[in-house]
Amino acid sequence: MARFEADRVLEDQRPQLGDLTSWPAWRSWRDKVVDRYRRQGRLCPLNSVTSQLGSRTPGAQGPWSPS
């Protein structure tokens, strides 16, 4: 499931990923990505992946998770 969702995210960004040749292009790509996934909210494919991981995996726990 994680691979499927990651592939969806990359495919959605593919046009911009091929044009990251300057800092302005990077910032534009970043802003578009953040805006899109904020608008999607719970429908965001990244939300699906992270909600499946929960706090059970070491990589998902990170230093910011409560003990």
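Check the entry above for the structure.
These figures come from a predicted structure and were not determined experimentally. Throughout, residues of each chain are indexed from 1 in the direction in which the sequence is written. Local features in this predicted model are restricted to residues of pLDDT 70 or higher, and side-chain atom pairs are both shown and tallied only at a pLDDT of 80 or more, whereas totals for entire chains, interfaces and linings draw on every residue. Calculation of side-chain values draws on the structure's entire complement of heavy atoms; hydrogens and water are dropped beforehand.

Colleague: Could you give me a rundown of the packing of aromatic side chains, with the residues and numbers involved?
Modeller: Stacked, edge-to-face and tilted labels apply to pairs of Phe, Tyr and Trp rings (six-membered ring for Trp) whose centres lie within 6.5 Å, assigned for plane angles under 30 degrees, over 60, and everything in between, in that order. Using the criterion set out here, one finds one aromatic pair in the structure. Residues Trp-26 and Trp-29 carry aromatic rings whose centres are separated by 5.7 Å and whose planes lie at 90 degrees to one another, so their mutual orientation is edge-to-face. Linking Trp-26 with Trp-29, this pair stays in helix 2 (residues 23-40), spanning three residues, or about one helical turn. Summary of the burial criterion: residues with accessible area below 20% of their type's maximum are buried, those above 50% are exposed, and those between are partly exposed, where the area comes from a 1.4 Å probe applied to protein chains only. Under the relative-accessibility criterion, Trp-26 is labelled partly exposed at 38%. Numbering goes from the N terminus for both helices and strands, where a helix is a DSSP run of H or I of at least four residues and a strand is a run of E of at least two.

Colleague: Explain the pattern of salt bridges to me, and be specific about the residues and the numbers.
Modeller: For salt bridges, the criterion is a side-chain nitrogen of Lys or Arg within 4 Å of an Asp or Glu carboxyl oxygen. Here the structure, examined in full by the defined rule, presents three salt bridges. The salt bridge involving Asp-31 is made with Arg-30; its shortest N-O contact spans 3.0 Å. Classification of Asp-31 by relative accessible area gives partly exposed; the value is 44%. The exposure class assigned to Arg-30 is partly exposed, which follows from its relative accessible area of 42%.

These figures capture arrangement, not role.
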